[in-house]
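Remarks on the overall topology
Spelled out, the chains give:
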Amino acid sequence: MARKNFSCSSTLFLVLLAVGSFFATYNLLTMAVHYKGANSLGLSNDPIVEMPDNMKRARGTKALFHVALTATDAPYSKWQCRIMYYWYKKTKDKAGSDMGKFTRILHSGEPDNLMEEIPTFVVDPLPSGLDRGYIVLNRPWAFVQWLERATIEEEYILMAEPDHIFVNPLPNLARGEFPAGYPFFYIKPADNEKIIRKYFPKENGPVTNVDPIGNSPVIIRKDLLEKIAPTWMNVSLRMKDDPETDKTFGWVLEMYAYAVASALHGVQHILHKDFMLQPPWDFETGKRFIIHYTYGCDYNMKGELTYGKIGEWRFDKRSHLRGPPPRNLPLPPPGVPESVVTLVKMVNEATANIPNWDTTE
């Protein structure tokens, strides 16, 4: 692997890591209730909620983006990465795609058994114990190292996650200095202005300059991410070290940190609601590009959602923490939304075609 020498800034990051106190809370049920409410208000109908003027790319021009995701060497992460990479390969060269090369940024510090299957760049994890269970804080630190040390040919980067599946060919939705992001209903900078102002002072502008996004999915120009990533790392540390911020933002703290870091650099995102869908709350794949299967899908045999209660039929990635799901998962019962059916079919296709699937460790 190509590597550049560490810059002085890397040393500063290692020092800054020592001040962090890391703990995350995880409450998908609360989020899901709010998500259902947001959808009931029809907030997902408009595919683009903000677009700068005169930013349409000329017909026939392509601006490739590098697909990058951060991952661990745990079995839970590995099987998701294998499925994600399978669908990247299936989708990459289809009409409408601007995908370039692919990198799994492995923040275990050591190579693993997927190095030959998936293009991988190994970076260092946080010092032992510093994350205190908040493993996603490795994400900004991993990107900082990768951007410093790797050779990246594409001008743009898509920051993705292992539990993403490309359901349609993904074009470059970014436009020059305007990255493309997905608006998360639960990232609400304006509602948390008191806390946001600790990191984004009034002299930097209105709190509405902080976009309602996380770092993924985001398509961004490489030079912009090189500027934002160290700030993202530092803001994450500061937020985690502040009890009020940590308690309020919980497990989405790192997402807020990216949004704030971007705003501190004067970078605002084009917000695409069609960038991604999240079953079971989004019912149809339609023309959306990425399935994000973070939520569990629980149904009775009548096809009725039983969220918060284990269903007679279910698909939940957390049911497979210690190893991959089996091949040929049963399809959902009649009446279940198309998005859930498509998700399971795509998982089944990938697992049927990935060699040695049951040996993922």
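Refer to the structure presented above.
The following refers to the structure shown. Note that the structure is a prediction, hence the values are computed from the model and not measured.

Section: the sheet that holds strand β10 (residues 290–292)
Two strands in a sheet stick together by hydrogen bonds in their backbones, pointing the same way (parallel) or opposite ways (antiparallel). One open sheet accounts for three strands, arranged β5-β10-β9; its pairing is mixed. This sheet does not close on itself; its edge strands, each paired only once, are β5 (164–166) and β9 (276–277). Summarising the sheet, β9 and β10 pair through two bridges and their orientation is parallel. Residue pairing in the sheet places Met276 in a bridge with Ile290 of β10. This element, helix α9 (residues 338–353), spans β5, β9 and β10 of the sheet and lies at about 90° to β5.

What about the nonpolar core?
Formed by 81 residues in total, the largest nonpolar core has its most connected members in Trp146, Leu170, Ile219 and Phe275. Once you skip the residues sitting within four places of it in the chain, Leu170 turns out to touch Phe65, Gly96, Ser97, Asp98, Met99, Leu158, Ile219, Phe275, Phe289 and Ile290. Residues Ile165, Tyr299, Leu343 and Ile354 belong to the second largest nonpolar core, which totals 23 residues.

Considerations on the packing of helix α3 (residues 75–91) against α9
α9 packs onto α3 with a crossing angle of 95° between their chain directions and a minimal axis gap of 9 Å. By the angle between their axes, α3 is roughly perpendicular relative to α9. For the pair α3 and α9, the contacting residues are Ile83, Tyr86, Trp87 and Lys90 in the first and Met346, Val347, Glu349, Ala350, Thr351 and Asn353 in the second. Of the residues belonging to the contact of α3 with α9, the class tally is six nonpolar, two polar and two charged.

Quick notes on unusual backbone geometry
Of note, the bond from Ser216 into Pro217 is cis; its omega dihedral lies within 30 degrees of zero at 0°. Here Pro217 lies in the loop between α5 (193–196) and β7 (218–221). Look at the link from Pro279 to Pro280: it is a cis peptide, with omega at 5°. The topology assignment puts Pro280 in the loop between β9 and β10. We note that Asn328 has phi near 60°; this positive angle belongs to a residue other than glycine. By the element assignment, Asn328 lies in the loop between β12 (313–315) and α9. Look at Asn356: it is not a glycine, yet its phi comes out positive at around 55°.

Considering the sheet that holds strand β1 (residues 65–71)
Sheet architecture is open: seven strands sit in the order β3-β2-β1-β4-β7-β6-β8, paired in mixed fashion. In this open sheet, the two edge strands, each paired with only one partner strand, are β3 (120–122) and β8 (270–271). Two strands pair when backbone bridges link them, and strand β6 (residues 180–181) and β8 are joined in this way by two bridges, in the parallel orientation. Across the sheet, the residue bridging to Gly181 is Leu271, located in β8. Packing against the sheet, helix α4 (residues 138–149) makes contact with β1, β2 (99–106), β3 and β4 (156–160), and its axis sits at approximately 135° to β1. Taken strand by strand, helix α6 (residues 222–241) contacts β4 and β7, and its axis lies near 110° from that of β7.

Regarding the packing of aromatic side chains
Under the criterion given, the structure shown has 17 aromatic pairs. Plain terms: the ring middles of Phe143 and Trp146 are 6.0 Å apart, the flat faces sit at 75° to each other, and that makes the pair edge-to-face. Of the two residues, Phe143 and Trp146 both sit in helix α4, three residues apart, roughly one turn of that helix. Plain terms: the ring middles of Phe143 and Trp232 are 6.0 Å apart, the flat faces sit at 35° to each other, and that makes the pair tilted. Here the residue Phe143 occupies a position in helix α4, and Trp232 occupies one in helix α6, the gap between them amounting to 89 residues. One aromatic cluster is present, formed by Tyr182, Phe184, Phe185, Tyr186 and Trp251 through successive ring pairs. The lysine or arginine in question, Lys240, covers the ring of Tyr134, its NZ or CZ lying 4.4 Å from the ring centre.

Rules behind the numbers
- Residues numbered from 1 in each chain as written.
- Predicted model: local features only at pLDDT ≥ 70, side-chain atom pairs only at ≥ 80, totals over all residues.
- Heavy atoms only, no water.
- Pairing = 2+ DSSP bridges.
- Helix = DSSP H or I, 4+ residues; strand = E, 2+ residues; numbered from the N terminus.
- Contact = heavy atoms within 4.5 Å.
- Axes fitted to C-alpha atoms, helices over the stretch in contact; angles between N-to-C directions.
- Core = buried A, V, L, I, M, F, W, Y, C linked by side-chain atoms within 4.5 Å.
- Buried < 20%, exposed > 50% of the residue type's maximum accessible area, 1.4 Å probe, protein only.
- Parallel < 35°, antiparallel > 145°, perpendicular 65-115°, else oblique.
- Nonpolar A, V, L, I, M, F, W, Y, C, P; charged D, E, K, R; others polar.
- Phe/Tyr/Trp six-rings, centres within 6.5 Å; stacked < 30°, edge-to-face > 60°.
- Lys NZ or Arg CZ within 6 Å of the ring centre and 35° of its normal.

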